[in-house]
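Notes for the structure review
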Amino acid sequence: MFFKRLKFIRRIKTDILFQNLSAIILIVVSIITCTYLSNSKTTIQQAENYTRTSTNFINEKIVQSLNDTEDFVNSYSALLRDMDLKDYLNNIKFYKSFQVILESNSYLTTFFYGTTDGLFVSSCLPHYLDTFLKSSAILAPEGTNVVLRVVARDKTENKIEVPDLWYFLKEDNTLSESISTQLTKYDPRQRHWYKDSSKTQNLIWSKIYIFTGMLKGEIGMSVLKAIIAADGTIKGVFGTDITLRSFSEFLSKFKPSANGNIYIVDNEDRIIAASNNFKIHSNENSMGLVKIDESDFNELKAAFAAFKSKKDKGDFTIFEMNNKEYLSLKMDFPKKLPCGLSMIVVA
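I will try to describe carefully the structure that is included in this document. As the structure is a computational prediction, the values presented were derived from the model and not from experiment. (Residues numbered from 1 in each chain as written. Predicted model: local features only at pLDDT ≥ 70, side-chain atom pairs only at ≥ 80, totals over all residues. Heavy atoms only, no water.)

**What to know about the overall build of the protein**
- Helix and strand counts for the protein stand at six helices and 15 strands.
- In the protein, of all internal contacts separated by at least 6 residues, the share reaching a separation of at least 24 is 55%. (Helix = DSSP H or I, 4+ residues; strand = E, 2+ residues; numbered from the N terminus. Contact = heavy atoms within 4.5 Å.)

As structure tokens, this is what we get:
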């Protein structure tokens, strides 16, 4: 009886020991789990803060650049109000100022104006036109700083086709003799950008469209403002172009993280620009803008799907792809821009 009682006591002690060990193990596991989760949350929070900070910086740079563009257009449209727009061959200082702005703002590609008489004057840096000039059998002289395209119409002749004239502003601030290889029907007054801008005295952003001028075939948008004379009548429209290609090149200067990318999309879920040298192909009838779901950017598609499935309206999401965790942030651009543009950052 004594030995049976001793065995029973030993069994109780053993059970208590195992229970205590189990409790200790459970406590240790709980502590490790809580520590892991806490560290994971801290790491995610740190990554979110970093992504948000870098994205805000990029967004501020882009918005500042767009605001600068509006300032350029407002300033030049005011200057042109008191100038003789037909005297385009003697406005050398004007074109030199264009050169300085275009060289220091890579997202801008051309400055131009069209008048009520049908005159069209456009200026561009030569490297944007290399392919176009070669295909048109036009050779830019050495030392060319600015290329000018002029389409001048004579009211008295009322011709449908007029010479397409090219001038080259050289380093010594002289203009070359005009070169013309073809006739053109181009009339700025018939273009949507001229019609839309001439209806208001306010600055406007155009919709995204295919250019037909110096950057024929490129896709982009224009910032425009009517040139209003002192007596209140309209003299023409001044503007500048931003191609989607130059927009992508501008984005490529910023990195939200070592392997991160920035995408600009519109309200139709089309990719407008990307920091990874995304190229958009177009022809005269189609812009060739790719929808997110039809693109080859798997991380963008996954981020877009994650945002769609979110129950809350937050601008931050986390998703997993190929056993890797990604962070993504979505931010809308100012409402004044066309097509409801927004930025998606994947890091």
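**Regarding the pairing of strand S5 (residues 165-170)**
- A large share of S5 lies buried, amounting to five of its six residues.
- With six bridges joining them, strand S3 (residues 144-151) and S5 adopt antiparallel strand pairing. Residue pairing for S5: Val150 is matched across the bridge by Leu165. (Buried < 20%, exposed > 50% of the residue type's maximum accessible area, 1.4 Å probe, protein only. Pairing = 2+ DSSP bridges.)

**Some points on the sheet that holds strand S11 (residues 261-265)**
- The strand order across the open sheet built from five strands is S12-S11-S15-S14-S13, with neighbouring strands paired in antiparallel fashion. With one partner strand each, in any of the chains shown, strand S12 (271-274) and strand S13 (316-321) form the two edges of the open sheet. The average angle at which neighbouring strand axes cross in this sheet is 25°, direction not considered.
- As defined by bridge partners, strand S14 (residues 324-332) adjoins strand S15 (residues 342-346) across five bridges and the pair is classed as antiparallel. Opposite Lys330, over in S15, you have Ile344 as the bridge partner.
- Across the sheet, helix H5 (residues 244-251) is in contact with S11 and S12; its angle to S12 comes to roughly 40°.
- Strands in contact with helix H6 (residues 298-309) are S11, S12, S13, S14 and S15; relative to S13, the strand with the most contacts, it is inclined by about 130°. (Axes fitted to C-alpha atoms, helices over the stretch in contact; angles between N-to-C directions.)

**Looking at the pattern of salt bridges**
- Scanning the entire structure with this criterion turns up nine salt bridges.
- For the salt bridge of Lys86 with Asp117, the shortest nitrogen-to-oxygen distance reads 3.3 Å. With a gap of 31 residues between them, Lys86 in the loop between helix H1 (2-80) and helix H2 (92-104) and Asp117 in the loop between strand S1 (110-115) and strand S2 (120-124) connect regions that are remote in the sequence.
- Here Arg153 ties to Asp187 by a salt bridge, and the two come within 3.9 Å at their closest N and O atoms. In this pair, Arg153 sits in the loop between S3 and strand S4 (162-163) while Asp187 sits in the loop between strand S6 (183-184) and helix H4 (192-197), placing the two residues 34 residues apart along the sequence. Of the two residues examined, Arg153 and Asp187, each falls in the buried class.
- In the salt-bridge network here, residues are joined through shared partners; they are Arg153, Asp187 and Arg189. (Salt bridge = Lys/Arg side-chain N within 4 Å of Asp/Glu carboxyl O.)

**Description of H5**
- Counting buried positions along H5 yields six of eight residues, so the element is predominantly enclosed.
- If you check which residues of H5 are buried, you get Leu244, Ser246, Phe247, Ser248, Phe250 and Leu251.

**Digging into the packing of aromatic side chains**
- Across all of its chains, the model carries 20 aromatic pairs by this definition.
- Residues Phe319 and Tyr326 carry aromatic rings whose centres are separated by 5.2 Å and whose planes lie at 5° to one another, so their mutual orientation is stacked.
- Residue Phe319 is classed as buried on the basis of its relative accessible area of 8%.
- Owing to a relative accessible area of 19%, Tyr326 belongs among the buried residues under this scheme.
- In this structure, Arg149 packs its charged tip against the face of Tyr186, placed 5.1 Å from the ring centre. (Phe/Tyr/Trp six-rings, centres within 6.5 Å; stacked < 30°, edge-to-face > 60°. Lys NZ or Arg CZ within 6 Å of the ring centre and 35° of its normal.)

**A closer look at H2**
- Under the 1.5 Å per step criterion, the end-to-end length of H2 is 19 Å for 13 residues, consistent within 8% with the ideal 18 Å.
- Taken together, the buried positions of H2 are occupied by Ile92, Phe94, Tyr95, Phe98, Gln99, Ile101 and Leu102. (Expected span 1.5 Å × (residues − 1).)

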